[in-house]
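# Coordinate inspection notes
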Amino acid sequence: MYYTIDNRTIKAGELDFWAILWDSFIRKIKYFGIFFEPVTTGYSDKAAIEIDVSLAAFFFIWSFPMYSYGTRSTSVFETLHPELQILFGEIIKVKNVSLLEGYRSNERQQELFDAGKSKVKPGGSKHNRWPSEAVDQIPYPFHKGDWEDRDKFHLHAGFVLGVAARLKAEGMMTRDVRWGGDWDKDWEASDNAFDDFPHIELI
Ligand SMILES: [Ca+2]
Ligand SMILES: [Zn+2]
C-alpha cells in the first residue's frame, strides 16, 4: 500500500521482512561505512576485498529486525489507515507490540455499545472508518494482570506518542495521534475521565 504526503510517495508500513532488513543494511553501510573505509588502507587488493566482505556480512547480520508482527497483528495492521501503518511499521522495528483491533464493523460496534464496553454507537468510533483511523494495541509480552498495570501502559503510550511526534516532524506523518489515556492531549493522564489505554487514534 502506497501513500502520498506532499507529493512524495511513501510505502505504508514496512512489514516486509526483507524490505526492513535491506533498508537497515543500507543505512548501516552508509553510516558506519565511513568509519571503516580507511581500515583496508595498506592491505593488498585481495585482503581488502576479504575485509570488505566480512564487514558487509557483519552489517547484514546486524540488520536483522528484532521483532515482527504475528498473524493476528498482521491482519489488524492490514485494516489500518496508511499513517497508522507507517507509525506501527516503525514501532515494531524497536519495540514489540500486539495489535488487537483496527477496523470494526457497525455490527460489532453495536455489540460493544450494548455491552457497555464502548461509549459510542455504530459509526461514531474511528474504528468504524475504512481504513481504520484507530487501533487497539498492547505491549508484548503481556500478562493477564497487566490490564491493571497503569505504569506499563503509560510507558508504552509515551513511546508510541514519541515515535509519532518524530515521524510527523520528519514529514512521514501529517496527522497527530491521540491516546485513550489522555483524550485532551495535555500530557496529563490523571485528568482522564474514561481510560482506554490500548487505544491510539488519528486526529
Ligand atoms: Ca489529559
Ligand atoms: Zn480503540
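Residues numbered from 1 in each chain as written. Chains lettered and ligands numbered in written order. Predicted model: local features only at pLDDT ≥ 70, side-chain atom pairs only at ≥ 80, totals over all residues.

Because side chains alternate across strand β6 (residues 199–202), one face comprises the buried residues His 199 and Glu 201, and the other comprises Ile 200 and Leu 202, equally buried. Of the pairings in the sheet, the one linking strand β4 (residues 134–139) to β6 comprises three bridges and is antiparallel in character. Each residue of the ladder has a partner; that of Ala 134, found in β6, is Glu 201. Two strands pair when backbone bridges link them, and strand β5 (residues 177–179) and β6 are joined in this way by three bridges, in the antiparallel orientation. Note on β6: the bridge partner recorded for Arg 178 is Glu 201. (Buried ≥ 20, exposed ≤ 12 C-beta atoms within 10 Å, placed from the backbone. Helix = DSSP H or I, 4+ residues; strand = E, 2+ residues; numbered from the N terminus. Pairing = 2+ DSSP bridges.)

The next subject is unusual backbone geometry. Cis geometry marks the peptide bond from Trp 130 to Pro 131; its omega dihedral reads -10°. Pro 141 follows Tyr 140 through a cis peptide bond whose omega is 0°. Secondary-structure assignment places Pro 141 in the loop between β4 and α6 (150–169). The backbone of Lys 185 sits at a positive phi, close to 55°, despite the residue not being glycine. The residue Lys 185 is located in the loop between β5 and β6 in this model. At Trp 187, a residue that is not glycine, the phi angle is positive and equals roughly 65°. What makes Trp 187 exposed here is the crowd of 8 C-beta atoms within 10 Å.

Overall, antiparallel pairing links the four strands, which are arranged β3-β4-β6-β5 in an open sheet. The sheet is open, and its two edges are formed by β3 (97–101) and β5, each paired on a single side. In this sheet, neighbouring strand axes are inclined to one another by 35° on average, regardless of whether the strands run parallel or antiparallel. Packed onto the sheet, α6 meets β4, β5 and β6 and runs at close to 175° relative to β5. (Axes fitted to C-alpha atoms, helices over the stretch in contact; angles between N-to-C directions. Contact = placed C-beta atoms within 7 Å.)

So, on to the domain arrangement of the protein chain. By the assigned domains, the protein chain splits into domain 1 (2–62) and domain 2 (71–202). Between the C-alpha centres of domain 1 and domain 2 the distance comes to 33 Å. (Domains from an automatic or database assignment.)

This part is about the packing of helix α1 (residues 17–36) against helix α2 (residues 45–62). Across the interface, α1 lies against α2 with an axial gap of 10 Å and an inter-helix angle of 140°. Between α1 and α2, the interaxial angle falls into the category oblique. Pair α1 / α2 crosses with right-handed handedness. Across from Phe 25, Lys 28, Ile 29 and Phe 36 in α1, the residues of α2 making contact are Leu 55, Phe 59, Phe 60 and Trp 62. In terms of residue class, the contact of α1 with α2 is built from seven nonpolar, no polar and one charged. (Parallel < 35°, antiparallel > 145°, perpendicular 65-115°, else oblique. Left-handed = near helix turned anticlockwise from the far one by under 90°. Nonpolar A, V, L, I, M, F, W, Y, C, P; charged D, E, K, R; others polar.)

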